[in-house]
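Geometric and topological summary
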Amino acid sequence: MAHCAFSPSLIVVGTAKIHSKVLIIGGGPAGSASAYWLAMRGVDVTVLEKKTFPRDKTCGDGLTPRSVAQLEAMGLSDFLATKHRYIGLRSVAFGRTMELAWPRHHDFPNYGFVVTRHDLDEAVAENSADKGANYLFGHEVTGVSLNSDSSIEHLEVKENSSGDRMLFSADYYVVADGANSRIGRALGAARNRDEPIGLAIRGYHSSPRHDDQYIESKLDLRDEKNSVVPGYGWIFPLGDGRVNVGIGMLTNQDRWKNFNTTHALERYIEQAPSYWGLSEKTELTTPTGGKLPMGFSIDPKSGPNFVLIGDSAASINPFNGEGISYGYETGRIAADLISDAIDADDRAKLGLYVSVLDKRYANYYRLGRRFVKLIADPRILSLSVWAGMHSEPLMKEVVKIMANLMPTEKKGVAERAIDQAIRLVDLARA
Ligand SMILES: Cc1cc2nc3c(=O)[nH]c(=O)nc-3n(C[C@H](O)[C@H](O)[C@H](O)COP(=O)(O)OP(=O)(O)OC[C@H]3O[C@@H](n4cnc5c(N)ncnc54)[C@H](O)[C@@H]3O)c2cc1C
């Protein structure tokens with residue numbers, strides 16, 4: 001017997017269900033990547049997306065080499081070639097500046113791009129639709145009906161322009177509805193509140209340096225008392241006259257829970273290096289913010305006929321707050337498993353999802369979660385950033401680790417090294 005997991009007062013027009021082999025909830029990076037790889041395997045897949053594209057999405061718009069690798073794998077090199085390409089990261093802290101080119105890596109390019117989500121998400125969705133994925137924009141999932149074994153029986157969907165309500169069913173469901181994931185929560189997924197979560201805010205400014213070859217991060221972000229806060233500021237050049245300016249920080253400690261990010265962003269803009277030419281007057285949009293669920297700190301991430309991907313599974317990298325690439329990657333992993341399950345006519349194959357994630361990310365993300373707990377202590381954060389800013393070879397290694405771009409053969413060694421470093425700092429604190 002099916003029961004409704006939320007929106008119980010829903011009035012549905014008619015009872016006919018629209019069926020698709022796979023339904024994806026959300027057409028952001030995670031949902032659209034999943035749609036692409038399912039369509040490439042010839043699977044009948046429909047994406048239900050509540051907004052109409054193109055649409056704005058609060059983001060820093062920074063694509064690291066990891067994101068670029070996924071976009072190129074989806075055949076989007078020509079699209080990227082029309083956007084602003086950059087070659088590395090400029091770190092600014094304690095009065096010092098260091099330019100660090102992206103490392104050479106067997107699996108990833110040594111360049112990134114800055115692309116607004118307005119343009120990026122539309123291009124990725126169009127590309128997936130070209131490969132055969134069916135997109136229903138302006139269709140919001142408003143309810144989930146569950147069977148007694150906790151599998152999804154059907155989705156309740158509202159067509160936003162007409163207000164019409166309908167039912168959609170599928171053999172498999174992919175939850176990709178982002179950081180607030182109402183659908184994930186309706187399915188019983190919950191965040192482990194002991195683990196870190198980030199908060200970020202960004203706005204667009206005009207800048208004479210809009211086509212800089214480096215993205216910039218300020219690593220000693222300050223509060224109003226001039227204490228270092230656990231986070232960083234960024235200026236990402238879009239190459240079209242604009243830069244994306246924002247700050248992101250960890251809010252896992254009580255002292256940061258009520259931190260005013262709008263004021264912190266204003267302070268950052270006031271104190272940004274003068275070559276960016278930023279001020280109140282260059283502001284083009286009112287800043288907007290959002291949550292960064294990280295470290296895979298949400299469980300369960302799958303059920304009998306569904307999986308959670310991207311932000312709905314908290315797949316953001318705790319070391320640097322990057323989420324687009326992990327949305328693409330988890331979307332692809334889910335698509336592969338679902339395609340295999342369909343081919344084998346064996347739904348149980350979906351049960352492998354968590355072990356695949358563990359194999360690929362568990363060690364790194366476990367360290368990331370410990371790392372962010374440590375740097376919540378301003379003394380440790382200051383000391384680490386200060387040390388990094390006084391040694392370019394050290395900083396180069398740190399950037400590789402933070403962006404998850406360690407050479408495959410050295411990954412285990414690097415992870416053990418971080419583990420040791422974290423242990424030492426932990427001991428020193430005790
Ligand atoms: C301020 C800020 C800056 C950031 N900067 C960066 C950065 O520079 N680089 C980076 O890699 N990451 C960055 N991130 C993280 C990144 O934005 C996310 O990790 C990424 O968007 C996750 O993709 P997703 O597909 O999981 O979710 P989303 O991008 O949130 O997509 C979810 C989609 O689902 C749709 N949806 C939601 N609910 C429903 C529903 N009920 N029915 C139908 N559709 C629904 C939404 O409309 C949306 O299109 C930033 C985040 C923030 C907040």
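Residues numbered from 1 in each chain as written. Predicted model: local features only at pLDDT ≥ 70, side-chain atom pairs only at ≥ 80, totals over all residues.

1. With respect to the overall build of the protein chain
Threshold: Runs of H or I in DSSP of at least four residues are treated as helices and runs of E of at least two as strands, each being numbered from the N terminus. Here the globule rule reads 2.2 Å times residues to the power 0.38, and the radius of gyration is calculated from C-alpha atoms. Once C-beta atoms are placed from the backbone, each residue is buried if 20 or more other C-beta atoms lie within 10 Å of its own, exposed if 12 or fewer, and partly exposed for counts between those two. Contact between residues is assigned whenever the C-beta positions, reconstructed from backbone atoms, fall within 7 Å.
Secondary structure assignment for the protein chain yields 12 helices and 21 strands. Here the C-alpha radius of gyration of the protein chain, 22 Å, is about what a compact globule of 430 residues would show, namely 22 Å. On the principal axes, the C-alpha backbone points of the protein chain span a range of 65 × 50 × 40 Å. Looking at the protein chain as a whole, 47% of its 430 residues are labelled buried. Restricting to contacts in the protein chain with at least 6 residues of sequence separation, those with at least 24 account for 73%.

2. Brief notes about the site of the ligand
To keep it simple, the criterion reads: Residues are classed as near a molecule or strand if the C-beta position derived from their backbone is within 6 Å of it. The classification used treats Ala, Val, Leu, Ile, Met, Phe, Trp, Tyr, Cys and Pro as nonpolar, Asp, Glu, Lys and Arg as charged, and all other residues, Gly among them, as polar.
Around the ligand, the surrounding shell holds 42 residues, and the nearest of these are Gly26, Gly28, Gly178, Gly310 and Gly323. For the shell around the ligand, the secondary structure elements donating two or more residues are helix 1 (29–40), strand 3 (45–49), strand 10 (139–146), helix 5 (182–186), strand 14 (197–206), strand 18 (288–293) and helix 8 (324–344). The residue makeup of the shell around the ligand, split by class, is 14 nonpolar, 17 polar and 11 charged.

3. Points about the pairing of strand 6 (residues 88–93)
Walk down a regular strand and you will see the side chains alternate between the two sheet faces. For clarity, the threshold we go by: When DSSP finds two or more bridges between two strands, those strands count as paired.
The pairing of strand 6 with strand 7 (residues 96–101) spans 6 bridges and is classified as antiparallel. Paired with Ala93 across the strands is Arg96, a residue of strand 7. From the end of strand 6 to the start of strand 7, which pair antiparallel, there are 2 residues, and Phe94 there has a positive phi angle of about 50 degrees. Pairing geometry for strand 6 and strand 15 (residues 214–218), over 5 bridges, is parallel. The residue bridging Leu89 from the neighbouring strand is Ile215, located in strand 15.

4. Remarks on the domain arrangement of the protein chain
Cut-off, in case you're wondering: The split of the chain into domains comes from an automatic or database domain assignment.
The domain boundaries assigned to the protein chain delineate domain 1 (3–57 + 117–192 + 299–362) and domain 2 (364–429). Listed per partner, the contact involves 6 residues of domain 1 and 11 residues of domain 2. Classifying every residue of the side of domain 1 that touches domain 2 by side-chain character gives 4 nonpolar, 2 polar and no charged.

5. Topic: the sheet that holds strand 15
Definition in use: For helices, the fitted axis covers only the stretch in contact; all axes are lines through C-alpha atoms, and the angles between them, taken along N-to-C directions, range from 0 to 180 degrees.
Pairing within the open sheet is mixed, and its 7 strands lie in the order 7-6-15-16-17-14-18. Lying at the two open borders of the sheet, with one neighbouring strand each, are strand 7 and strand 18. Averaged over all neighbouring strand pairs, the angle between strand axes comes to 20 degrees, with direction disregarded. Of the pairings in the sheet, the one linking strand 15 to strand 16 (residues 231–237) comprises 3 bridges and is antiparallel in character. Counted as the bridge partner of Ser217 is Trp234 from strand 16.

6. Structural notes on helix 9 (residues 353–375)
Helical periodicity: at 3.6 residues per turn, an α-helix aligns residues three or four positions apart in one direction. Worth spelling out the cut-off: By this rule, a helix spans an expected 1.5 Å times one less than how many residues it contains. One axis is fitted to the seven residues ending at the residue and one to the seven starting there. The bend at that residue is the angle between these axes.
Helix length check: helix 9, at 23 residues, gives a terminal C-alpha distance of 31 Å against a target of 33 Å (1.5 Å per residue), a fit within 8%. The sharpest bend along helix 9 reaches about 60 degrees and sits at Tyr361. Within helix 9, the full set of buried residues consists of Tyr353, Leu357, Tyr361, Tyr364, Tyr365, Leu367, Gly368, Arg369, Phe371, Val372 and Ile375.

7. Quick word on the nonpolar core
The test is simple: Joined through C-beta atoms within 7 Å, a set of buried Ala, Val, Leu, Ile, Met, Phe, Trp, Tyr and Cys residues constitutes a nonpolar core.
Residues Val22, Ile24, Leu38 and Val175 are the most contacted members of the largest nonpolar core, which totals 112 residues. Looking at this core, the element that brings in the most residues is helix 9, giving 9 residues. Residues from two domains meet in this core; each of domain 1 (3–57 + 117–192 + 299–362) and domain 2 (364–429) gives at least three.

8. Considerations on the confidence of the model for the protein chain
Low-pLDDT stretches of the model should not have their predicted coordinates read in fine detail. The line we're drawing: Values of pLDDT, the confidence the predictor places in each residue, fall between 0 and 100.
Mean pLDDT for the protein chain: 91, with 91% of residues reaching 70 or above. Segment residues 1–13: pLDDT under 50, and 32 contacts once partners within four positions in sequence are set aside and those in other chains are kept.

9. Thoughts on the sheet that holds strand 4 (residues 62–63)
In a beta sheet, neighbouring strands are held together by backbone hydrogen bonds and run either parallel or antiparallel to one another. Spatial ordering of the open sheet is given by 4-8-5, a layout of 3 strands whose pairing is antiparallel. At either end of the open sheet lies a strand with only one pairing partner, and these are strand 4 and strand 5 (84–86). By the bridge criterion, 2 bridges tie strand 4 to strand 8 (residues 112–114) in an arrangement that is antiparallel. Looking across to strand 8, one finds that Gly62 is bridged to Val114.

10. Considerations on the packing of helix 2 (residues 65–73) against helix 8
Each pair of packed helices gets described by two things: the angle between the helix axes and the distance between those axes. Rules: Convention used here: angles under 35 degrees read as roughly parallel, angles over 145 as roughly antiparallel, angles from 65 to 115 as roughly perpendicular, and any remaining angle as oblique. Handedness of a crossing is defined here by the sense of rotation of the near helix relative to the far one, left-handed for an anticlockwise turn of less than a right angle and right-handed for a clockwise turn.
Viewed as axis vectors pointing N to C, helix 2 and helix 8 meet at an angle of 40 degrees, and their least axial separation amounts to 8 Å. For the element pair helix 2 / helix 8, the angle class is oblique. Where helix 2 crosses over helix 8, the handedness of that crossing is left-handed. In this structure, helix 2 contributes Arg66, Ser67 and Gln70 to the contact, and helix 8 contributes Ile324, Ser325, Tyr328 and Glu329. Each residue belonging to the contact of helix 2 with helix 8 can be placed in one class, and the counts come to 2 nonpolar, 3 polar and 2 charged.

11. Things to note about the environment of Gly28
For Gly28, the location among the structural elements is in the loop between strand 2 (17–25) and helix 1. Between the C-alpha atom of Gly28 and that of Asp211, which follows or precedes it by 183 residues, the distance is 26 Å. The residues contacting Gly28, other than those within four sequence positions of it, are Lys57, Asp121, Ala176, Gly178, Gly310 and Gly327.

12. So, the packing of helix 10 (residues 378–389) against helix 11 (residues 392–402)
In the contact formed by helix 10 and helix 11, the axes pass within 7 Å of each other and the chain directions differ by 120 degrees. On the basis of the axis angle, helix 10 is oblique to helix 11. Side by side, helix 10 and helix 11 meet where Ala387, Gly388 and Met389 of the first sit next to Leu394, Met395 and Val398 of the second. Along the lines of polarity and charge, the residues of the contact of helix 10 with helix 11 split into 5 nonpolar, 1 polar and no charged.

13. Considerations on unusual backbone geometry
Going from Phe53 to Pro54, the amide bond is cis rather than trans, its omega being 0 degrees. Topologically, Pro54 is positioned in the loop between strand 3 and strand 4. Residue Pro300 is bonded to the preceding Asp299 through a cis peptide linkage, with omega at -5 degrees. A positive phi is found at Ser150, a non-glycine position, where the angle reads about 70 degrees. Note on placement: Ser150 falls in the loop between strand 10 and strand 11 (152–159). When the 14 C-beta atoms within 10 Å are taken as the criterion, Ser150 is described as partly exposed.

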